[in-house]
Structures are given as C-alpha cells and as structure tokens.
Amino acid sequence: MKKPWLLLPPQWAHDLSSLALPAYALLHGRKTPHWNSFTWRDLHFPNPLGIAGGVDKNAEHLKEWWALGCGFVEVGTVTPRAQSPNPGKIMDRDLNLQAMWNKMGFPSHGADEVFYNLAHYAPNYRTPIFVNIGKNRHTPNNSAVNDYLTLVDQFRPFADAFVVNISSPNTAGLRDLQKKENLRALISPIMDRVSHFEPTPVLVKLSPDMGDEGLAEAVSNCQELGVDGFVLTNTTLSRPESCHFPAEGGLSGAPLKNLSKRALEVAVQTLGKKREGLLLVSVGGIMSPEDVFERLQMGADLVQIYSALVFHGPGFFHNVARRYNDGR
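These figures come from a predicted structure and were not determined experimentally.

### Let's talk about the overall build of the protein
Of the regular secondary structure elements, the protein holds 10 helices and 13 strands. Here the protein has a C-alpha radius of gyration of 18 Å; the compact-globule value for 328 residues is 20 Å, and the two agree. Long-range contacts, defined here as pairs at least 24 residues apart, represent 72% of the contacts in the protein between residues at least 6 apart. Approximately 14,000 Å² of the protein is accessible, and the part contributed by carbon and sulfur atoms is 53%. For the protein, the distance from the average position of its 32 positive side-chain charges to the average position of its 32 negative side-chain charges is 4 Å.

Here is the structure:
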C-alpha cells in the first residue's frame, strides 16, 4: 500500500510520524525546488508552498521539511510553558471525506525547548521560518498579551515572522480575542514591541467561522493596527452533513476548502488598495496541486498544507513543483 500510515489509528500515525519522517526525507529528499519564487520584506521564498502551523509544533524536523521541498515552514503553535494535549480523544480522520478532526489544544514542549531546536538549526536556515505563537490554556484572556509578548521577546532572534494564533477552536475562549475590543489590547502591544528593534513581521491567523462581515471587520481592524499580513484560515467548527466527528474540535481537510477560499476572497476585497505590502497566506482544504495554484491565482502570496500530508503523503511538495514546471 502506498500510504501504509492510513492503516494505523490516527493518533498512532501522528505519533510515529516523528520517526518515519527523517527516514522518508533521507530516501526521497532533494534540493528545495524553485518555482514561483518571490521576495517579501527581505525574505526570499524559493517557492510559495509550506507547512501549516500544527504540523511541526516543536521545530523538530526543519531539515526534513527543507529536503521534502518546503518553500517556507511554520513551527508551533508554541506556548510559553509546556502543556499537554486536551484530555480524551484528540484526533480522527475520515478517508471518504478527506477530512481531519482534532481537539489538541496547543500541546507544546514549551518555548525553551522550541527555542533550543531553532538555535540548533539556525546556521543552516534554507527558507523563511514563521513562529506561530499562542497563550497557555490556563492564561485568562485579559492576561493573554503577556504570553504573546514573552514569546515575541524570546523568539525574535530566529523568527522571520510571527503568526499570532487567536483562532484555534480548541482553547476555550481563545477566539474571543478576535473581537474588536480585544484585538487592540492584544495586537497593539505586540506591534509596539516588535517595532523597538529590527522589526519582525507579524501575521494574524483568523477563523473561518466568523462570517463575511465578522472576518472583514477583523481584517480591517488588524490592518489599522499595523499587522503585516494574515493566515487564512484555522480549522472550522462547522460540519458537513455526513460527518461523524464530535461537535467540538476543529475540522480540516477537504470540507474546509470553500470556507478557506471565501476567507481569502473577503480579505482581498476588504483590503483593496491597502493590500499592497501585506502578506496573505491561504491554508485549509488544499488537497491537490490544482488547489495550490488556484489559491495563488485568487491572490494568496503563500499556501500551506496540513491534511494533504496525511492523505497524500510528504511527497506532495515535490509533486506540486513538478506539476508547476510541467505546465509552464
């Protein structure tokens, strides 16, 4: 079978991937492919396809992602203090729907270990590295800014950009930080902190469940606060009719496609001429090379995958590069 990991329970496959990925990269890894390369804020992207936050939570496999063809990588979500996953079942998949479900809740080895891993790879950086940051689950929202600022301070030496994660459905109350009254209290101090040194770009990761009006408002508010771009989107709490997953937890994969595409459309329309200089990263429901190319045509600068790695394997990056070059 070409994808033997799909025979395993999802949690087993996830846990074993940290052992299998280095072996796969050693056998199948090649130089990072260059296609649709571009430069933004002095960051050069050999290609616009990378991994989404949540794939390499603790920055343990950067060398492998480079060998497998990533044009950039996003590590995390990192939390200041180590924390375990949410209790109970936290992961499932549906082969027919090409869907993933998770209720992880920012499991992290903590900032110190992730910092150590990044420092180990620092001399060999091959592509931009985004650091996805979040609050610990027991930090109340009115103190959340302190968690984010702690992470900004710690990871400044290694982060080419920060992704402020305020949209996971698996940390209670986190999505409330997307509301206008909370956004300013969170984002303004972060933008002020990064501006005191050589500025590091700040992207905000938003939810697909806000509706057009809510998403447009969040994008406008963040743009006015000076953010440098957006990651669109996180997982969804919505469910297709035939879905057997629980109501809680985030759904990704093919059923997220239309919501994620619509979020990109809304962001492009909302920003209009103010889009210039901002980075738009599209993620969600990208399951084929055609999906990658479609998001780029719709206005995304970068594209990320997660579920495609589960259903189609880590050769996805080089497959997309081949398809792009074959079509030229």
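### Points about the pairing of strand 5 (residues 91-94)
Because side chains alternate across strand 5, one face comprises the buried residues M91 and R93, and the other comprises D92 and D94, equally buried. Of the strand pairs in this sheet, strand 5 and strand 6 (residues 99-102) are connected by four bridges, and their pairing is antiparallel. For D92, the partnering residue across the bridge sits in strand 6 and is W101.

### Some words on the packing of helix 7 (residues 257-271) against helix 8 (residues 289-298)
With their axes 10 Å apart at the nearest point, helix 7 and helix 8 run at an angle of 20° to one another. What the angle tells us is that helix 7 and helix 8 run roughly parallel. Crossing handedness for the pair helix 7 and helix 8: right-handed. Residues K257, S260, K261, L264, E265 and V268 of helix 7 form the contact with helix 8, whose participating residues are D291, E294, R295 and M298. Its residues assigned to classes, the contact of helix 7 with helix 8 shows three nonpolar, one polar and six charged.

### Structural notes on the confidence of the model for the protein
Overall, the prediction assigns the protein a mean pLDDT of 88, with 90% of residues at 70 or greater. The weakest mean pLDDT in the protein belongs to helix 1 (residues 10-28) at 63; the strongest belongs to strand 12 (residues 279-283) at 97.

### Regarding the nonpolar core
Counting residues in hydrophobic clusters, the biggest one holds 79 residues, and the most contacted among them are Y148, F230 and V292. When residues of this core are assigned to their parent elements, the largest contribution, seven residues, is made by helix 4 (residues 144-155). Discounting residues that sit within four places of it in the chain, Y148 has contacts with I133, G134, K135, V164, N165, I166, L174, L177, L186 and I190. With 14 residues, the next largest nonpolar core counts L43, F72, V163 and L203 among its residues.

### Thoughts on the environment of P255
Relative to the helices and strands, P255 is located in the loop between strand 11 (250-253) and helix 7. P255 sits in the partly exposed class, given a relative accessible area of 27%. Considering only alpha carbons, one finds P255 and R239, 16 residues apart in sequence, at a separation of 7.8 Å.

### Describing the sheet that holds strand 5
Adjacent strands of a sheet form backbone hydrogen bonds with each other and so pair up, either parallel or antiparallel. The three strands lie next to each other as 5-6-11, forming an open sheet whose pairing is antiparallel. Each of the sheet's edge strands pairs with one partner strand only, and the pair in question is strand 5 and strand 11. Neighbour to neighbour, the strand axes of the sheet diverge by 20° on average, direction disregarded. For strand 6 and strand 11, the ladder comprises four bridges, and the chain directions are antiparallel. Bridging from a neighbouring strand, A99 pairs with G253 of strand 11.

### Some points on the pairing of strand 6
Residues of strand 6 alternate between two faces, with A99 and W101 on one and M100 and N102 on the opposite face, all of them buried. Linking strand 5 to strand 6, which pair antiparallel, is a turn of four residues; within it Q98 sits at a positive phi near 55°.

### Concerning the pattern of salt bridges
Taken as a whole, this structure holds 13 salt bridges when the rule is applied. Between R262 and D212 there is a salt bridge; the shortest N-O distance is 2.8 Å. Of this pair, R262 sits in helix 7 while D212 is found in helix 6 (residues 211-224), placing the two residues 50 residues apart along the sequence. A relative accessible area of 32% means that R262 is categorised as partly exposed. R275 is the salt-bridge partner of D301, the closest N and O atoms lying 2.7 Å from each other. Remark: R275 occurs in the loop between helix 7 and strand 12 and D301 occurs in the loop between helix 8 and strand 13 (302-305); sequence separation between them is 26 residues. Each member of the pair D301 and R275 is classed as buried. Salt bridges sharing partners connect three or more residues here, namely D153, R156 and R193.

### Focus on the sheet that holds strand 3 (residues 49-51)
As summarised here, the arrangement of the eight strands in space is 3-13-12-10-9-8-7-4, forming an open sheet in which the pairing is parallel. Two strands close off the open sheet at either side, each with one partner strand: strand 3 and strand 4 (73-78). Neighbour-to-neighbour, the strand axes of the sheet open up by a mean angle of 25°, direction not taken into account. As defined by bridge partners, strand 8 (residues 161-165) adjoins strand 9 (residues 202-206) across four bridges and the pair is classed as parallel. If you follow V163 over to strand 9, its bridge partner there is L203.

Calculation rules
- Residues numbered from 1 in each chain as written.
- Predicted model: local features only at pLDDT ≥ 70, side-chain atom pairs only at ≥ 80, totals over all residues.
- Heavy atoms only, no water.
- Helix = DSSP H or I, 4+ residues; strand = E, 2+ residues; numbered from the N terminus.
- Rg over C-alpha atoms; globule rule 2.2 N^0.38 Å.
- Contact = heavy atoms within 4.5 Å.
- Areas by Shrake-Rupley, 256 points an atom, 1.4 Å probe, with all protein chains shown as cover.
- Lys, Arg positive; Asp, Glu negative; His and termini not counted.
- Charge placed at Lys NZ, Arg CZ, Asp CG, Glu CD.
- Buried < 20%, exposed > 50% of the residue type's maximum accessible area, 1.4 Å probe, protein only.
- Pairing = 2+ DSSP bridges.
- Axes fitted to C-alpha atoms, helices over the stretch in contact; angles between N-to-C directions.
- Parallel < 35°, antiparallel > 145°, perpendicular 65-115°, else oblique.
- Left-handed = near helix turned anticlockwise from the far one by under 90°.
- Nonpolar A, V, L, I, M, F, W, Y, C, P; charged D, E, K, R; others polar.
- pLDDT = per-residue confidence, 0-100.
- Core = buried A, V, L, I, M, F, W, Y, C linked by side-chain atoms within 4.5 Å.
- Salt bridge = Lys/Arg side-chain N within 4 Å of Asp/Glu carboxyl O.

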